[in-house]
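Each chain is listed here by its residues.
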Amino acid sequence: MTYQPTSQPISEPTDGPTPYDELNRLLVELTGTTREILGDNFAGAYLQGSFALGDADLQSDCDFLIPVHRPILADQEAALRALHDEIPTREGFWTQHLEGSYPLLGELRTLDGLGRDWLYIDHGWRRMQWSTHCNTEVVRWTLREYGVTLSGPDPRELVEVVPAEALRERMRGDIPRLLTGLATWISIEMAWGQRYAVTTLCRMLYTLETGRVCSKKEALVWAADALDPRWSALCLRTMEGRALGFDPEDAAEPGAVAETIALAEYATAIARR
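Note that the structure is a prediction, hence the values are computed from the model and not measured.

### Side note on empty space enclosed by the protein
Over the atoms a probe the size of a water molecule is rolled, and this reveals where empty space is left.
So, point 1. Under the definition given, this model contains one cavity of 30 Å³ or more.
So, point 2. Roughly 60 Å³ of internal volume is contained in the largest cavity.
So, point 3. Surrounding the largest cavity, His84, Ile87, Pro88, Thr95, Gln96, Leu98, Ile121, Asp122, Gly124 and Trp125 form its lining.

Okay, here's the thing in structure tokens:
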């Protein structure tokens with residue numbers, strides 16, 4: 001089918017899955033329109049990420065997964081691309097902050113599906129990609145344990161248990177590569193990038209320690225208390241600075257950059273023990 005943008009206002013849900021009415025209306029439309037596009041290939045629609053783990057706010061992406069039973073057909077892909085190309089052109093806030101994938105259900109179910117590309121829309125983008133971005137142990141764990149169902153069966157019916165050791169092993173590999181990976185798309189010389197690096201390192205260390213996944217705020221609070229005390233002030237400043245949001249002109253303080261690099265070295269040493 002082809003996608004035709006709606007010209008009618010979407011009625012406001014009486015009890016939405018998020019605290020934001022605009023986002024709730026958008027999610028109703030996203031779920032309904034993708035169901036129309038995919039037909040019987042539609043397996044469900046779910047929130048993962050911050051809106052599943054808690055502590056989501058206006059600095060969060062809205063991370064979704066819409067699994068499919070069978071590989072997406074060419075006409076379905078074209079219609080999904082048209083949908084996600086059109087949504088960010090609308091007025092509003094949350095139209096700019098959707099991010100998610102359309103995983104094949106058989107690949108989502110177990111870790112055997114790691115490494116497969118899924119149709120994916122990046123935060124703030126209009127052009128979809130085939131990407132492994134959401135195809136991770138962390139996303140599977142979050143969906144199974146805390147996923148918010150917009151439509152479809154309980155996510156525990158779709159995803160098998162993700163062992164704690166699988167999450168820890170992922171962190172052992174990801175922590176030493178974090179700053180190098182970030183440098184391909186954001187600089188820690190920028191205040192937002194520096195805060196993102198600290199937050200991500202804290203989340204990774206939390207998962208390495210506990211075998212679980214937590215929200216950004218929870219990770220920073222945990223790290224301020226659980227890590228070596230020399231990192232407490234950095235973690236608390238990072239949490240306080242989150243409300244400042246993304247400003248490409250806002251440079252990180254040189255001292256904060258040096259601390260962030262040192263924290264990455266500290267985390268790497270822990271990961272390699």
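### With respect to the pairing of strand E4 (residues 118-121)
So, point 1. Residues Trp118 and Tyr120 point to one face of E4 and Leu119 and Ile121 to the other, with burial holding for every one of them.
So, point 2. Examined bridge by bridge, strand E3 (residues 98-102) and E4 share three bridges and lie antiparallel to one another. The partner of Tyr102 across the bridge, within E4, is Leu119.
So, point 3. Bridge count for E4 against strand E5 (residues 129-131) is three bridges, and the pairing is antiparallel. Within the sheet, the bridge partner assigned to Leu119 lies in E5 and is Trp130.

### Section: the packing of helix H8 (residues 191-210) against helix H11 (residues 254-271)
So, point 1. Contact geometry of H8 with H11 gives a least axis separation of 10 Å together with a crossing angle of 20°. Here H8 lies roughly parallel to H11, going by the angle between them. You can see that H8 and H11 cross each other, and the crossing is left-handed. Only Ala256, Val257, Thr260, Leu263, Ala264, Ala267, Ile270 and Ala271 of H11 make contact with H8, whose side of the interface consists of Gln194, Ala197, Val198, Leu201, Leu205 and Leu208.
So, point 2. Split by residue class, the contact of H8 with H11 holds 12 nonpolar, two polar and no charged.

### Some remarks on the layout of surface pockets
So, point 1. Computed from the structure, the largest pocket encloses a volume of approximately 1800 Å³.
So, point 2. In terms of lining, the largest pocket is formed by 48 residues, of which the most central are Glu99, His133, Trp185, Tyr196 and Thr200.
So, point 3. For the lining of the largest pocket, the secondary-structure elements that each account for two or more residues are helix H2 (50-53), helix H5 (137-146), helix H6 (164-174), helix H7 (178-182), H8 and helix H9 (216-226).
So, point 4. When the residues that make up the lining of the largest pocket are grouped by side-chain class, the tally is 20 nonpolar, 17 polar and 11 charged.

### Some details on the nonpolar core
As a rule of thumb, nonpolar side chains are buried together in soluble globular proteins.
So, point 1. Ile175, Leu201, Cys202, Trp231, Cys235 and Leu263 are the most contacted members of the largest nonpolar core, which totals 31 residues.
So, point 2. Going through the elements one at a time, H7, H8, H9, helix H10 (232-241) and H11 are the ones with two or more residues in this core.
So, point 3. Among the elements that line this core, the one with the most residues is H8, at eight residues.
So, point 4. Those residues within four positions of Trp231 in sequence are excluded, and the remaining contacts are Glu259, Ala262, Leu263 and Tyr266.
So, point 5. The next biggest cluster of nonpolar side chains, apart from the first, holds 27 residues, and it includes Ala45, Ile66, Val68 and Trp94.

### What to know about the sheet that holds E4
So, point 1. Read from one edge to the other, the open sheet built from six strands follows the order E5-E4-E3-E2-E1-E6, with strand pairing classed as mixed. The two strands at the open ends of the sheet, each matched to only one other strand, are E5 and strand E6 (148-151). Between one strand axis and the next, the sheet turns through 30° on average, direction left out of account.
So, point 2. Against the sheet, H5 makes contact with strand E1 (45-48), strand E2 (62-65), E4 and E6, and its axis sits at roughly 110° relative to E1, the strand it touches most.

### What about the packing of H9 against H10?
So, point 1. One can describe the packing of H9 onto H10 by two numbers: an axis separation of 8 Å at closest approach and a directional angle of 160°. Overall, the two elements H9 and H10 adopt an arrangement that is roughly antiparallel. Relative to H10, H9 is oriented so that their crossing is left-handed. Seen from H9, the contacting residues are Lys217, Leu220, Val221, Ala223 and Ala224; seen from H10, they are Ser232, Cys235, Leu236, Thr238 and Met239.

### As for the confidence of the model for the protein
So, point 1. On average, residues of the protein score 94 in pLDDT, and 95% of them are at 70 or above.
So, point 2. Residue range residues 7-14 is modelled with pLDDT below 50. Its contacts to residues more than four positions away, or to other chains, number nine contacts.

### Regarding the side chain of Thr110
So, point 1. Relative to the elements of secondary structure, Thr110 occurs in the loop between helix H4 (105-108) and E4.
So, point 2. Of note is the side chain of Thr110, whose polar atom sits 3.1 Å from the backbone nitrogen of Asp112.
So, point 3. For Thr110, the contacting residues outside a window of four places in its chain are Arg140 and Glu160.

### Focus on unusual backbone geometry
So, point 1. The phi dihedral of Asp55 is positive, around 70°, even though this residue is not glycine.
So, point 2. On the secondary structure map, Asp55 appears in the loop between H2 and E2.
So, point 3. A residue is classified by how much of its surface remains accessible, and Asp55, at 42% relative accessible area, is partly exposed.

Definitions and limits used
Residues numbered from 1 in each chain as written. Predicted model: local features only at pLDDT ≥ 70, side-chain atom pairs only at ≥ 80, totals over all residues. Heavy atoms only, no water. 1 Å grid on protein atoms, 1.4 Å probe; cavity = no way out; pocket = protein on both sides within 12 Å on 5 of 7 lines; lining within 4 Å. Points joined across faces, edges and corners; volume = space filled by probe spheres on them. Buried < 20%, exposed > 50% of the residue type's maximum accessible area, 1.4 Å probe, protein only. Helix = DSSP H or I, 4+ residues; strand = E, 2+ residues; numbered from the N terminus. Pairing = 2+ DSSP bridges. Axes fitted to C-alpha atoms, helices over the stretch in contact; angles between N-to-C directions. Parallel < 35°, antiparallel > 145°, perpendicular 65-115°, else oblique. Left-handed = near helix turned anticlockwise from the far one by under 90°. Contact = heavy atoms within 4.5 Å. Nonpolar A, V, L, I, M, F, W, Y, C, P; charged D, E, K, R; others polar. Core = buried A, V, L, I, M, F, W, Y, C linked by side-chain atoms within 4.5 Å. pLDDT = per-residue confidence, 0-100. Polar contact = N/O pair within 3.5 Å; in protein donor to acceptor, adjacent residues only side chain to side chain.

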